[in-house]
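Close look at the chain arrangement
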Amino acid sequence: MSSIPVLEIFGPTIQGEGMVIGQKTMFVRTAGCDYRCAWCDSAFTWDGSAKEQIRQMSAEEIWQELKELGGDNFSHVTLSGGNPALLKSLGVLVSLLQQNGIRTAIETQGSRWQDWLLAVDEVTFSPKPPSSGMTTDFLALDYILEKMKHKDISLKVVVFDEQDFAYAKQVHERYPDVPFFLQVGNEDVHTTDDDVLLSRLLSRYEWLIERAVQCKEMNDAKVLPQLHALVWGNKRGV
Ligand SMILES: C[S@@+](CC[C@H](N)C(=O)[O-])C[C@H]1O[C@@H](n2cnc3c(N)ncnc32)[C@H](O)[C@@H]1O
Ligand SMILES: Nc1nc2[nH]cc(C(=O)O)c2c(=O)[nH]1
Ligand code: SF4
Ligand SMILES: [Mg+2]
């Protein structure tokens, strides 16, 4: 049965963000999102520009392709998108990966619940700050984080400006027991000038570190760049 809309399968590479940064992993990127973030670095998953590249795949087909690409060189798979938590059918893939001894992780914004989230080993929830143009449904996020409270989860907020930083504080204060990450925002997700991008991202990282170290509410936060953007710029499939 073909039931999962897939836009990219790639790796092995390293997880460039958040709670398992540096972990060797494969990626499966699904199509479709319930959000439209102004600065989304994966807008092709939802803006129609890659519509003809979407493949409807079964969990077994995805697993076969992961093995063809990665061979013996992986033991971890990250699901991202778009919002993979829109897809009930992804639960079959999560079980199949686990039956084959593969650890799983997911990137989602925390707007939708799926029962199979409980089976994912490392779950990153990334609620969106004001600069995205999106509004967080905190009651939905409360519900989801309550269900996940005994699991290995984290919150990761992308920060572009002071308003975003204030939002990040509010999120961290609302869920004090959930490991909390601040992530540098990439303002130019289209440039191919890697030198300009790198120096811009590093100066934004320095700014975010400075803001976090001055703020007592961020005493437990971790401050990270997107490591893959520092290494490969805006290249897709890495
Ligand atoms: C492309 S999203 C896909 C998963 C899910 N829709 C989400 O937003 O969490 C993966 C991660 O990239 C982050 N992200 C997207 N665009 C970004 C940008 N321009 N700069 C920094 N992080 C970005 C998101 O906030 C999210 O944490
Ligand atoms: N290397 C690498 N790390 C990532 N972490 C989160 C990603 C994503 O787009 O969800 C991503 C990605 O696309 N590449
Ligand atoms: S929620 Fe994630 S995939 Fe969806 S638009 Fe925002 S950053 Fe992009
Ligand atoms: Mg990305």
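Since this is a predicted model, take the numbers as computed values, not measurements.

Thoughts on the site of ligand 3
- C33, Y35, C37, C40, W46, G82, Q109 and K128 make up every residue found near ligand 3.
- A breakdown of the residues in the shell around ligand 3 according to their chemical character gives 5 nonpolar, 2 polar and 1 charged.

A few points about helix 5 (residues 194–213)
- Helix length check: helix 5 (20 residues) gives 28 Å between terminal C-alpha atoms against 28 Å at 1.5 Å per residue, within 8%.
- Here helix 5 has its buried residues at L197, L201, R204, Y205, L208, R211 and A212. All buried residues of helix 5 project into a common sector of 125° when viewed along the axis, lining one side. In helix 5, the exposed positions angled more than 90 degrees off the buried face are occupied by D195, E206 and V213.
- Those residues of helix 5 that are buried lie in contact with strand 7 (153–159), helix 4 (162–174), strand 8 (180–184), strand 9 (222–224) and helix 6 (227–232).

A short note on the sheet that holds strand 5 (residues 103–108)
- With respect to topology, 9 strands assemble into an open sheet ordered 3-1-2-4-5-6-7-8-9, the strand pairing being mixed. Each edge of the sheet is formed by a strand with only one pairing partner; in this case those strands are strand 3 (55–57) and strand 9. Pairs of neighbouring strands in the sheet enclose a mean axial angle of 30°, with direction left out of account.
- Bridging between strand 2 (residues 24–30) and strand 4 (residues 76–80) involves 4 bridges; their strand directions are parallel. Its bridge partner lying in strand 4, F27 is registered against T78.

A short note on the UniProt feature "binding site: Mg(2+)" (unreviewed entry) in the protein chain
- Sequence positions flagged by UniProt for "binding site: Mg(2+)" (unreviewed entry) are, in local numbering, S42.
- For S42, the position within the fold is in the loop between strand 2 and strand 3.
- In contact with S42, not counting residues within four places along its chain, are R29 and G81.
- One polar contact links S42 to R29, side chain to side chain, over a distance of 3.3 Å.

Here's the deal with helix 2 (residues 90–99)
- Of the positions making up helix 2, those classed as buried are L90, G91, L93, V94, L96 and L97.
- Structurally, helix 2 contributes buried residues whose contacts are with strand 1 (4–14), strand 2, helix 1 (59–70), strand 4 and strand 5.
- Of the residues trailing helix 2, G101 is marked for its positive phi of about 75°.

Quick notes on the site of ligand 2
- Taken together, F10, I14, Q15, G16, E17, F27, R29, S80, E107, H228 and V238 make up all the residues around ligand 2.
- Between a nitrogen atom of ligand 2 and a side-chain N or O atom of Q15, the distance comes to 2.5 Å.
- Contact distances for ligand 2 include 2.9 Å between an oxygen atom and a side-chain N or O atom of R29.
- Here ligand 2 loses 94% of its free accessible area of 330 Å² to cover by the protein chains.
- Of the residues that constitute the shell around ligand 2, the class distribution is 4 nonpolar, 4 polar and 3 charged.

Re the UniProt feature "binding site: substrate" (unreviewed entry) in the protein chain
- UniProt records the feature "binding site: substrate" (unreviewed entry) at I14, Q15, G16, R29 and S80, using the numbering of this structure.
- Looking at the secondary structure, you find I14 in strand 1.
- Of the residues examined, I14 reaches a relative accessible area of 26% and is grouped as partly exposed.
- Within the secondary structure, S80 is located in strand 4.
- Residue contacts for S80: discarding those within four places in its chain leaves V28, R29, T30 and E107.

Comments concerning the packing of helix 1 against helix 2
- As a packed pair, helix 1 and helix 2 sit with axes 9 Å apart at the nearest point and diverge in direction by 45°. In terms of orientation, helix 1 and helix 2 fall into the oblique class. Considering the relative orientation of helix 1 and helix 2, their crossing is right-handed. On helix 2, the residues touching A59, E60, I62, W63 and L66 of helix 1 are V92, L93, L96 and L97.
- Looking at side-chain class alone, the contact of helix 1 with helix 2 contains 8 nonpolar, no polar and 1 charged residues.

So, unusual backbone geometry
- The peptide bond linking G11 to P12 adopts the cis configuration, its omega dihedral lying at 0°.
- Among the structural elements, P12 can be located in strand 1.
- Following G81, the chain continues into G82 via a peptide bond in cis, with omega recorded as 15°.
- Inspection of the secondary structure puts G82 in the loop between strand 4 and helix 2.

Each value, and the rule that gives it
- Residues numbered from 1 in each chain as written.
- Chains lettered and ligands numbered in written order.
- Predicted model: local features only at pLDDT ≥ 70, side-chain atom pairs only at ≥ 80, totals over all residues.
- Heavy atoms only, no water.
- Near = heavy atom within 4 Å.
- Nonpolar A, V, L, I, M, F, W, Y, C, P; charged D, E, K, R; others polar.
- Helix = DSSP H or I, 4+ residues; strand = E, 2+ residues; numbered from the N terminus.
- Expected span 1.5 Å × (residues − 1).
- Buried < 20%, exposed > 50% of the residue type's maximum accessible area, 1.4 Å probe, protein only.
- Arc of directions from axis to C-beta.
- Contact = heavy atoms within 4.5 Å.
- Pairing = 2+ DSSP bridges.
- Axes fitted to C-alpha atoms, helices over the stretch in contact; angles between N-to-C directions.
- UniProt positions renumbered as here; feature names shortened; annotations may be inferred.
- Polar contact = N/O pair within 3.5 Å; in protein donor to acceptor, adjacent residues only side chain to side chain.
- Areas by Shrake-Rupley, 256 points an atom, 1.4 Å probe, with all protein chains shown as cover.
- Parallel < 35°, antiparallel > 145°, perpendicular 65-115°, else oblique.
- Left-handed = near helix turned anticlockwise from the far one by under 90°.

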